[in-house]
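Secondary and tertiary structure notes
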Amino acid sequence: MIVADVAAQESLQQAWEIALARDHSVLAARYQEQAASAQQASARAVSMPKVTMDAGYLRLQSEPSAHLSLPAIPALKSLSLPFAQDAAGFGLVEMTVPLMTSGRISAGIRAADASSDARHAMTEVAVADLKLAIAQTYVAVLRAQHAVLVADSHVATMRQHAKDVGELNAHGYVARHDVLATEVALANALQLQLQASNSLNLAKATYNRWLGRSADAALTLHDPELSSDFKTPLAELTATAMTRRPEVTALGKQAQALSAQAASTRAGHLPQIGFSAGYAKLENRYLTQDKGWYAGIMMKWELFDGGLIKQQSSKLLAESQAVGEMLKDSQEKISLQVRQAWLNYQEASSRQLLAEKAVAQAEQVSELARERYRNGLASNTEVLDAETRRLQAHANRYQAKYDLTLSDIQLRYASGSLAQPQP
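An account of the accompanying structure is given in this report.

Rules and cut-offs
- Residues numbered from 1 in each chain as written.
- Predicted model: local features only at pLDDT ≥ 70, side-chain atom pairs only at ≥ 80, totals over all residues.
- Heavy atoms only, no water.
- Axes fitted to C-alpha atoms, helices over the stretch in contact; angles between N-to-C directions.
- Helix = DSSP H or I, 4+ residues; strand = E, 2+ residues; numbered from the N terminus.
- Parallel < 35°, antiparallel > 145°, perpendicular 65-115°, else oblique.
- Contact = heavy atoms within 4.5 Å.
- Core = buried A, V, L, I, M, F, W, Y, C linked by side-chain atoms within 4.5 Å.
- Buried < 20%, exposed > 50% of the residue type's maximum accessible area, 1.4 Å probe, protein only.
- Pairing = 2+ DSSP bridges.
- Salt bridge = Lys/Arg side-chain N within 4 Å of Asp/Glu carboxyl O.
- Expected span 1.5 Å × (residues − 1).
- Arc of directions from axis to C-beta.

The packing of two helices is summarised by the inter-axis angle and the distance between the axes. One way to put it is that helix 5 (residues 234-244) packs onto helix 8 (residues 380-415) with a least axis distance of 7 Å and a crossing angle of 55°. Regarding the angle of helix 5 to helix 8, the classification is oblique. Along its contact with helix 5, which presents Leu237, Thr240, Ala241 and Arg244, the element helix 8 presents Leu411, Ala414 and Ser415.

Structure representation (structure tokens):
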């Protein structure tokens, strides 16, 4: 019988937590999300009052002056009157507030909000993709571990049978042919054992790489618990996926952001009205007042720009429509993913029940064949065939078991729940 090692040192949830804390793609996505949040705050800041201060010092070659000519007064016929100094300092404190921008600022804020939401969804995409990749390597290690157990059991059984055949041959009860056939079968079993061991080492190395460990780091994993229910109607799972999959959210928000950017750009052709007020100081000994307060309302209306704003807006609208088509394509692919994962879950669940029964039967058949051979009632070929079926039955059981585990995780991924925090 094959007995699995049930000692557990690391769960799939722990593996996810370790990987999420160090994976560069997830960390990059989170930094991009922070950048989008900063851009969101920046878009809102555009509508707030701005206070600026300007100061400087100006040196001219000579004092600016005006030529004064009064023919009626000969003394003032060619007189120059200075009106500014040739060197002066100046300072200005000004506040400006946008009053009406024809929707340019509000559309920009909507675009930034949608971009921030899209970036958050992309972070969830990175998290879900990483979790799926970790789960696949995690399950690959479990498969490889149990493949080693199956191979070890096969070798042990063949060695015992080879011992039995050798003893029977020594007493003249069986032909030399049985000894040679059994030795060949044992050699094949040892090859399978080596291949299984190598596959396990490769699977462990891949898993450890994801978690930032050395390739030969020791680890012991235990089977994750199943959380999906294959009895849930497919239509319900598909509808859930359309609302929870972060790819759908990301593409939808990207389309909204581009549409809002187009509206903001179009508003550049409409009137822009703002208010400004401030206090200015200019060193000028020729002025009776060289400082003072001021206030005013300004309007800017760009009447013609050679079609620049129109083309920029058209570009953004086309990009929005392109993202909309990508969204439709993504929804179709997600629907197919849900169906595939749902069907695979049902198949693996049914296979597991059949495989468990087949293992019990194969064990009995193999043991019976060896007993009958020892009593001279069965041929060596029957024993080897029975052992081959026993080996295949155990392999099928573990394949079905971990196909079910993996399809459970893939169903959670397809339906959009894998990126959600686990309790």
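On we go from here.
Right, let's talk about the nonpolar core for a bit. Across soluble globular proteins, you tend to see nonpolar side chains buried next to one another. Ranked by size, the top nonpolar core spans 39 residues in total, and within it Ile134 and Tyr207 carry the most contacts. Taken together, the elements giving at least two residues each to this core come down to helix 1 (12-22), helix 2 (24-45), helix 3 (104-170), helix 4 (176-210) and helix 8. Per-element tally for this core: the top contributor is helix 3, with 16 residues. Once residues within four sequence positions are removed from consideration, Ile134 is found in contact with Leu12, Ala15, Trp16, Ala19, Trp210 and Leu211. Grouped together as the second largest cluster of nonpolar side chains are 17 residues, Leu234, Leu316, Ile334 and Trp342 included.

With that settled, the discussion passes to the sheet that holds strand 4 (residues 87-100). Read across the sheet, four strands follow the order 1-4-5-6 without closing on themselves; strand pairing throughout is antiparallel. The open sheet has two edge strands, strand 1 (50-59) and strand 6 (291-300), and neither has a second partner. Each strand axis lies, on average, 20° off the axis of its neighbour in the sheet, ignoring direction.

Among the 10 residues of strand 6, zero are classified as buried, and the element is accordingly described as predominantly exposed. In terms of strand pairing, strand 5 (residues 272-282) meets strand 6 through 10 bridges, oriented antiparallel. Across the sheet, residue Ala277 finds its bridge partner in strand 6, namely Ala295.

Taken as a whole and judged by the stated rule, the model has 22 salt bridges. For Asp223, the salt bridge goes to Lys401, with nearest N and O atoms at 2.6 Å. Of this pair, Asp223 sits in the loop between helix 4 and helix 5 while Lys401 is found in helix 8, placing the two residues 178 residues apart along the sequence. Classification of Asp223 as partly exposed rests on a relative accessible area of 27%. We classify Lys401 as partly exposed; its relative accessible area is 24%. In this structure, the salt-bridge partner of Glu367 is Arg370, at a minimum N-O distance of 2.5 Å. Of this pair, Glu367 and Arg370 both sit in helix 7 (residues 308-374), three residues apart, which is roughly one turn of the helix. It is possible to trace a salt-bridge network through shared partners that takes in Asp164, Glu367, Arg370, Glu371 and Arg374.

Quick look at helix 2 now. Here helix 2 spans 31 Å end to end across 22 residues, near enough to the 32 Å set by a 1.5 Å rise per residue. Within helix 2 the residues assigned to the buried category are Val26, Ala29, Glu33, Ala36 and Ala43. The buried side chains of helix 2 occupy one side of the element, clustering within an arc of 85° when seen end-on. What points out from helix 2, more than 90 degrees from its buried face, is the exposed set His24, Tyr31 and Gln34. Taken together, the buried residues of helix 2 touch helix 1 and helix 3.

In short, shape yes, function no, at least from these values alone.
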